[in-house]
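So you can see what is in the structure, the chains are spelled out below.
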Amino acid sequence: KFFEASPPLSALNTLLEYNIIPILNENDSVATDEIGEKFGDNDELSAEVAKLVNADKLIILTDIDGVFTDNPFKNKDAKLIHSIDKIDEKTLKLATEHSSTKSRGGMKSKLKASKVASEAGIDVIIANGRQKNVIDNIISESIPGTLIKGKK
């Protein structure tokens, strides 16, 4: 067992025992009793669940390759940052809030969630979910994106 199951966690435990990667989505919950409180978005939820299960890694997928020095949609000279040691105010200023009417959070939300997870010792990878074999590449340590190192 990965953790001692309480009723809300028994479903996660069962999935993990069968080597199934659970995908949780705060936006589409059928029942919210087990969540306890409302989360702002899936990024925040993922960080809290990663802490809860003592995960080694948290993968956050998005529509760009990772964290950039500036908004790559507005600045063609923006550079991908491959590794971040610590999420601080300077790092948070690299990101903006979401720019889509179909989503919430944006890169700022991903960085805030990464801060929560990395401070709990969890490595976080922010990568482009549209890349072919992105999860396989992350698992095999060929990280296509930005690695935020967990505090050890």
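Report follows, based on the coordinates. Predicted, not measured: the structure shown is a model, and the values here were computed from it.

## Some details on the pattern of salt bridges
One pass over the full model with this rule turns up six salt bridges. Between K149 and D85 there is a salt bridge whose closest N-O contact spans 3.4 Å. A residue pair is termed long-range when its members are at least 10 positions apart, and K149 in the segment after strand 6 (145-148) and D85 in the loop between strand 4 (83-84) and helix 3 (89-92) qualify at 64 residues. In this structure K149 comes out as partly exposed when scored by relative accessible area, which is 37%. The exposure class assigned to D85 is exposed, which follows from its relative accessible area of 57%.

## Remarks on helix 2 (residues 42-52)
Every buried residue of helix 2 is listed here: D43, L45, S46, A47, V49 and A50. Next to the buried residues of helix 2 lie helix 1 (10-17), strand 1 (57-62) and helix 4 (106-119). With a side-chain oxygen positioned 3.0 Å from the backbone nitrogen of D43, the residue opening helix 2 is D41. Once helix 2 finishes, N54 follows within two positions and takes phi at roughly 55°, a positive value.

## Description of empty space enclosed by the protein
Tallied over the entire structure, the rule returns one cavity of 30 Å³ or more. The calculated volume of the largest cavity comes to roughly 50 Å³. Here the residues of the lining of the largest cavity are counted per class, giving one nonpolar, one polar and six charged.

The rules behind these values
Residues numbered from 1 in each chain as written. Predicted model: local features only at pLDDT ≥ 70, side-chain atom pairs only at ≥ 80, totals over all residues. Heavy atoms only, no water. Salt bridge = Lys/Arg side-chain N within 4 Å of Asp/Glu carboxyl O. Helix = DSSP H or I, 4+ residues; strand = E, 2+ residues; numbered from the N terminus. Buried < 20%, exposed > 50% of the residue type's maximum accessible area, 1.4 Å probe, protein only. Contact = heavy atoms within 4.5 Å. Polar contact = N/O pair within 3.5 Å; in protein donor to acceptor, adjacent residues only side chain to side chain. 1 Å grid on protein atoms, 1.4 Å probe; cavity = no way out; pocket = protein on both sides within 12 Å on 5 of 7 lines; lining within 4 Å. Points joined across faces, edges and corners; volume = space filled by probe spheres on them. Nonpolar A, V, L, I, M, F, W, Y, C, P; charged D, E, K, R; others polar.

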